[in-house]
Amino acid sequence: MNIKKLLGKFSGRAALRGVFAIVVFIAIWEFGARSLDLIGWRVPFVGLIPPPSSVLTTWSNLIMEPSYWQSWYMSFLRVFTGFIVAMIVGIPLGLYMAINRTFYGLAFPSFEILRPIPPLAWVPASIIFWPTQEMSIAFVTFLGAFYTIVINVLGGARSINRQYLQAAQSMGASQWDIFRRIVLPATLPSIVVGSAVGMGITWEVVVAAEMISGGGSGGGASGGLGFFIWSSYVGGSYEQIIVGMISIGIAGYFSSELLRKLGGRFTPWLKTR
Amino acid sequence: MSTETSTPKKSNEIVATNVSKTFGAGPFAKEVIKDCSFTIESGKLTVMIGPSGCGKSSLIQLIAGFDQPTSGSITIGGRPIEGPGKDRLVLFQESALFPWMTTWDNVMYGPRARGEDAKESSEQAEFLLRKVGLEAFRDKYPAQLSGGMQRRAELARAMINKPEVMILDEPFRGLDHMSKELMWEYYASLYEEDRNTNFFVTTDIDEAIFLADRLLIMTNLPTSTRSMIEIDIPRPRNIEEMADNERANEIKTEVMTLLHEEAMKSFSGGSKAAADFLDAYSKRAGK
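Definitions and limits used
- Residues numbered from 1 in each chain as written.
- Chains lettered and ligands numbered in written order.
- Predicted model: local features only at pLDDT ≥ 70, side-chain atom pairs only at ≥ 80, totals over all residues.
- Core = buried A, V, L, I, M, F, W, Y, C linked by C-beta atoms within 7 Å.
- Buried ≥ 20, exposed ≤ 12 C-beta atoms within 10 Å, placed from the backbone.
- Helix = DSSP H or I, 4+ residues; strand = E, 2+ residues; numbered from the N terminus.
- Expected span 1.5 Å × (residues − 1).
- Bend = angle between axes of the 7 residues up to and from the residue.
- Pairing = 2+ DSSP bridges.
- Axes fitted to C-alpha atoms, helices over the stretch in contact; angles between N-to-C directions.
- Contact = placed C-beta atoms within 7 Å.
- Parallel < 35°, antiparallel > 145°, perpendicular 65-115°, else oblique.
- Left-handed = near helix turned anticlockwise from the far one by under 90°.
- pLDDT = per-residue confidence, 0-100.
- Domains from an automatic or database assignment.
- Nonpolar A, V, L, I, M, F, W, Y, C, P; charged D, E, K, R; others polar.

*Asks:* Which parts of the structure should I look at to understand the nonpolar core?
*Replies:* Generally speaking, soluble globular proteins have nonpolar side chains that are buried together. In this structure, B:V47, B:I63, B:V107, B:A156 and B:I167 are the most contacted members of the largest nonpolar core, which totals 122 residues. Of all the elements, helix α8 (residues 133-158) of chain A adds the most residues to this core, at 15 residues.

Next comes the structure, spelled out in structure tokens:
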């Protein structure tokens, strides 16, 4: 089943179309970037950026450098720290808001006022009230995933089919059993969705936070991919900017893929639909 | 028609007396059940039939104990109903099988939740799954089962709790006609085996007459009891024979007439002109 799916992914028309599109995209980019040399006229926008061939050369040099991988590592570390803390705090909070009316009444209004504040608006404040740069970056990253996770868990737990609860109740289940074996699994799909969306936001936020805060206390290689892009810009290496951008794209893809895999493992019944 | 040879079961007759249920308050109040009285006799299969949207499901919520009547009382075996209990199990309109559990885990849910002996209850689950013909599907999730299989799994999940009263809220709605008839025969044979108190709600006249010992016909909104018919056709019944059974057809005509009147009322929906029109129309049609 899985092997079939995998084969299906890499063969067949859909895959060919994907490869074709990427090849055409790179060809246009290459041509556009070299347009001044080739046709004596600079194509707008594309003409200003380095061509893929020189990006690739820069990249292949960077792969050898430990500092480049250090940037990956730092960003991953921050993303997962923020994300995991957001899950540890957010999932119980969302669930508790869903099952306890009093707590919901107390917490939800404050939550809804804080929620629209973009995580990046927290950067200056968090630099002030967290003792280290690293902690303020982690905090902002945490916020990126936190609200999305809470709101999804809350929504998921509140929209449980009432008949599941009634059925469990009439079979003599205790409140705890209903929570553990009905509410929790019924909310799992929303938790998975919330986490996946939250993960995406976390990557957006971490890069911006790294740029603004100057990449943590160590600077340089400890700055993460966001700071890598920023310092490449300051240093005038346009190729590196693009390497950094693509790196983030790949990192985000792997993070989401990891979550999808994990999420699928936790919700095996959804695969059968 | 059948004399009980085994020890007589504890009476779990359900008696509703002048039950009313109103949702909301003030100008938005909606009276769904009004002054409704009926008896669900112990050890009988009572079927309730009424126009769709007439408040039958609200009535089930009250009997199951998920909700309380605005006024009036409902008792089971003489005790008032105060909340949900495992003596009354409800089979809902839509499948309420837990999607995240396999057939086996679904059936085992009740015994596990009550912390009952694992060995004994798994033997029971094994037996019930065989009985409903799902032993090969024990490790499948509900989404992998057909509609009819889901209903059977749900029957097994309910029966393992040995409920004194089974309450079924249009359980076979949405099944295709063939599966529906199979489920009727199937369900009837399960009932005939143990003769527990069963309360079955439906909008399907054929289903009602085929299954019922006693048939309650309900009025349009706000619901109350319109009439009660004893279905004195011997069991086990057979679907083909029922079609030619004189008594069955007699009852069918009677039920249809009553339901038609109720449907007309709901159709006119309070407009005087529409009511007059429908009245005139039905007079002409009845001529």
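There is more to say after this.
*Asks:* How do you make sense of α8(A) when you look at a structure like this?
*Replies:* Because the α-helix completes a turn every 3.6 residues, residues three or four places apart line up on one side. Residues and elements named next belong to chain A. Over its 26 residues, α8 runs 38 Å from end to end, which matches the ideal 38 Å to within 8%, given 1.5 Å per residue. Where α8 bends most, at A145, the angle is about 25 degrees. The buried count for α8 comes to 22 of 26 residues, which makes it a mostly enclosed element.

*Asks:* What is the right way to look at the sheet that holds strand β9 (residues 214-218) of chain B in this model?
*Replies:* Working definition: the strands of a sheet are paired by backbone hydrogen bonds and lie parallel or antiparallel to each other. Residue and element names in this part refer to chain B. On the basis of which strands lie adjacent, the open sheet formed by six strands has the order β6-β7-β8-β3-β9-β10 and mixed pairing. Looking at the sheet topology across the chains shown, the edges are occupied by β6 (88-91) and β10 (225-230). Going across the sheet, the axis of each strand differs from the next one's by a mean of 15 degrees, ignoring polarity. Two strands pair when backbone bridges link them, and β9 and β10 are joined in this way by five bridges, in the antiparallel orientation. Its bridge partner lying in β10, L216 is registered against M228. Along the sheet, helix α1 (residues 56-64) makes contact with β3 (45-49), β6, β7 (165-169), β8 (197-202) and β9, crossing β7 at roughly 155 degrees.

*Asks:* Explanation requested: the packing of helix α10 (residues 175-213) of chain A against helix α12 (residues 238-266) of chain A in the structure shown.
*Replies:* Residue and element names in this part refer to chain A. Running from amino to carboxyl end, α10 crosses α12 at an angle of 165 degrees, the nearest separation of the two axes being 10 Å. In terms of orientation, α10 lies roughly antiparallel with respect to α12. Two packed elements cross with a definite hand, and for α10 against α12 that hand is right-handed. For the pair α10 and α12, contact is made by L188, V192, S195, A196, M199, G200, W203 and V207 and by I248, A251, G252, S255, S256, L259, R260, G263 and F266, respectively.

*Asks:* How do you make sense of the confidence of the model for chain A when you look at a structure like this?
*Replies:* It should be kept in mind that the predicted coordinates are not to be read in detail where pLDDT is low. Of the residues in chain A, 92% have a pLDDT of 70 or more, and the chain-wide mean is 86. Per-element confidence in chain A is highest for helix α6 (residues 101-114) of chain A, whose mean pLDDT is 93, and lowest for helix α1 (residues 2-10) of chain A, whose mean pLDDT is 61.

*Asks:* Would you mind going over the pairing of β9(B) with me for this structure?
*Replies:* Residues and elements named next belong to chain B. By the criterion of burial, β9 is predominantly enclosed, with four of the five residues buried. Here β3 pairs with β9 via four bridges, running parallel. In the strand pairing of β9, T46 is matched with R214. Counting the residues in the hairpin turn of β9 and β10 gives six residues.

*Asks:* How should I be thinking about unusual backbone geometry in this particular structure?
*Replies:* Although it is not a glycine, A:F45 sits at a positive phi angle of roughly 60 degrees. Tracing the sequence through the fold places A:F45 in the loop between α3 (35-39) and α4 (52-62). C-beta crowding within 10 Å serves as the criterion here: with 8 such atoms nearby, A:F45 is assigned to the exposed category. Look at B:D35: it is not a glycine, yet its phi comes out positive at around 50 degrees. Examined against the element boundaries, B:D35 turns out to sit in strand β2 (residues 30-40).

*Asks:* Help me understand the confidence of the model for chain B, please; the structure alone is not making it clear to me.
*Replies:* Residue and element names in this part refer to chain B. Overall, the prediction assigns chain B a mean pLDDT of 79, with 87% of residues at 70 or greater. The weakest mean pLDDT in chain B belongs to helix α9 (residues 272-286) at 59; the strongest belongs to helix α2 (residues 103-113) at 90. Every residue in residues 1-7 scores below 50 in pLDDT, and together they form one contact with partners more than four places removed in sequence or on other chains. The ipTM for the predicted assembly is 0.74, set against a pTM of 0.74.

*Asks:* Help me understand the domain arrangement of chain B, please; the structure alone is not making it clear to me.
*Replies:* Often the size quoted for an interface is simply the accessible area lost on bringing the parts together. All names here are of chain B. By domain assignment, chain B separates into domain 1 (1-87 + 163-246) and domain 2 (100-161). Computed over C-alpha atoms only, the centres of domain 1 and domain 2 are separated by 24 Å. Between domain 1 and domain 2, the residue contacts involve 11 residues of the former and six residues of the latter. Considering every element that reaches the side of domain 1 that touches domain 2, the biggest residue donor is helix α5 (residues 177-194), with four residues. Taken together, the residues of the side of domain 1 that touches domain 2 break down into eight nonpolar, two polar and one charged.

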